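Residues per chain, in single letters:
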Amino acid sequence: MAKGEIIAGFLAPHPPNLVYGENPPQNEPDSEGGWEQLRWAYERARISLERMKPDVLLVHSPHWMTQLGHHFLGVQHLSGKSVDPIFPNLFRYDFALEVDVTLAEACCREAAKAGLVTKMMRNPNFRVDYGTITTLHMIRPQWDIPVVGISANNSPHYVSTKRGLSEMDKLGKATRKAIEKTGRRAVVLASNTLCRWHFHEEPEIPEDMSEERPKDYNGYKWDMRIIDMLRRGETKQVFKILPQFIDEAFAEVKSGAFTWMFAAMGYPEIPGELHGYGTVIGTGNAVMEWDLVKAGLVGKRRAAKKPAARKTRRAA
Ligand SMILES: [Fe+2]
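Residues numbered from 1 in each chain as written. Predicted model: local features only at pLDDT ≥ 70, side-chain atom pairs only at ≥ 80, totals over all residues. Heavy atoms only, no water.

## Quick notes on the side chain of Arg39
Moving on, step 1. Positionally, Arg39 belongs in helix α2 (residues 36-52).
Moving on, step 2. Each residue touching Arg39, except ones within four places of it in the same chain, is listed here: Leu18, Gly21, Glu22, Gly33, Gly34 and Met138. (Helix = DSSP H or I, 4+ residues; strand = E, 2+ residues; numbered from the N terminus. Contact = heavy atoms within 4.5 Å.)

## Focus on helix α7 (residues 217-231)
Moving on, step 1. Between its first and last C-alpha atoms α7 spans 21 Å; for 15 residues at 1.5 Å apiece the expected length is 21 Å, and the two agree.
Moving on, step 2. Buried positions along α7 lie against α8 (235-249), α9 (257-265), β9 (273-280) and β10 (283-291).
Moving on, step 3. The backbone nitrogen of Asn218 lies 3.1 Å from a side-chain oxygen of the residue at the head of α7, namely Asp216.
Moving on, step 4. Gly233 lies just past α7 and shows a positive phi near 75 degrees. (Expected span 1.5 Å × (residues − 1). Polar contact = N/O pair within 3.5 Å; in protein donor to acceptor, adjacent residues only side chain to side chain.)

## Examining the coordination of the iron ion
In an ideal tetrahedron of four donors about a metal, each angle is 109.5 degrees. In an ideal octahedron of six donors, the angles are 90 or 180 degrees.
Moving on, step 1. For the iron ion, the full set of protein donor atoms is His14 (NE2), His63 (NE2) and Glu252 (OE), at a range of 2.0 to 2.1 Å.
Moving on, step 2. In the primary sequence, the donor residues of the iron ion line up as H-x48-H-x188-E. On the criterion of sequence distance, the pair formed by His63 in strand β2 (residues 56-66) and Glu252 in the loop between α8 and α9 is long-range, its members being 189 residues apart. (Donors = N, O, S within 2.8 Å, 3.2 Å for Na, K, Ca; no water.)

## Focus on the environment of Gln237
Moving on, step 1. With respect to the helices and strands, Gln237 occurs in helix α8.
Moving on, step 2. On the accessibility criterion, Gln237 (34% relative accessible area) is partly exposed.
Moving on, step 3. For the pair Gln237 and Asn153, spaced 84 residues apart in sequence, the C-alpha separation works out to 25 Å. (Buried < 20%, exposed > 50% of the residue type's maximum accessible area, 1.4 Å probe, protein only.)

## So, the confidence of the model for the protein
Moving on, step 1. Of the residues in the protein, 95% have a pLDDT of 70 or more, and the chain-wide mean is 94.
Moving on, step 2. This stretch, residues 303-316, has a pLDDT under 50; its non-local contacts, to residues over four places away or in other chains, come to 23 contacts. (pLDDT = per-residue confidence, 0-100.)

## Quick notes on the packing of α2 against helix α4 (residues 130-139)
Moving on, step 1. Contact geometry of α2 with α4 gives a least axis separation of 8 Å together with a crossing angle of 70 degrees. In this view, α2 runs roughly perpendicular relative to α4, as classed from their interaxial angle. Contact residues: α2 offers Arg39, Tyr42, Ala45, Arg46 and Leu49, while α4 offers Thr135, His137, Met138 and Ile139.
Moving on, step 2. The class makeup of the residues in the contact of α2 with α4 is five nonpolar, two polar and two charged. (Axes fitted to C-alpha atoms, helices over the stretch in contact; angles between N-to-C directions. Parallel < 35°, antiparallel > 145°, perpendicular 65-115°, else oblique. Nonpolar A, V, L, I, M, F, W, Y, C, P; charged D, E, K, R; others polar.)

Printed below as a string of structure tokens:
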């Protein structure tokens, strides 16, 4: 089997408001639109993903919380209705997704080998969380690419940020090994908001954009600082100040997806492409892309129809 590789990563946040604004047939509530700048950012990301033609999308979601260990969706077909407990007025979504169980099991095995507590989720009636669904819907509304869903272990919240994020680093590296061993061309998705200071009340019309703005000026400045560094490829520096960003901007990256994604990609020092930024009920959200093929960090074996065994240069 040819060695697999991660071809790209996306920062792909999951405010359910974005699905609500899209009015897809799967979502019950109707809207007049809203949050266009973020939704159009996702439209640009979709064009990139279409060009990449990955075998699988892997997503790490803060809203599938597991207190004990890191869990992986392990049922080939999952369907049902997912409701956001905070915004049930906006998100009541009929989902149906196909899981790449072979890869999920490989991720689970490699993470266990790395010393993490892991578990496969085998409940056929499992209700997939709105974070996983929103990210996947927004990046690929056709739902025609198999997925691997990974839970957010709560260690950054219940132990410490440092200890929790070191687990996410191990989880990311294990995910990469699993992808390489199973021969997949994979895209990794970090389902994270940046600054998470938010308003506590919705406007009467939730999609009334005259009410939408950053909740906190310092949080907004933090977001711009982090995005600016990511756009310049200053990955090391971002991870150096990440704990301070998490504390001062109440950033959702604390839950681990961002660290998991960068660890899986090998912390590439390449400029991320910002597709767009916008606030949702005051929180800061960026849709960003790191194309490892375009950056020359991984091979173009299938796209270029080169021999599968051709040597590839790894990310740093
Ligand atoms: Fe969230």
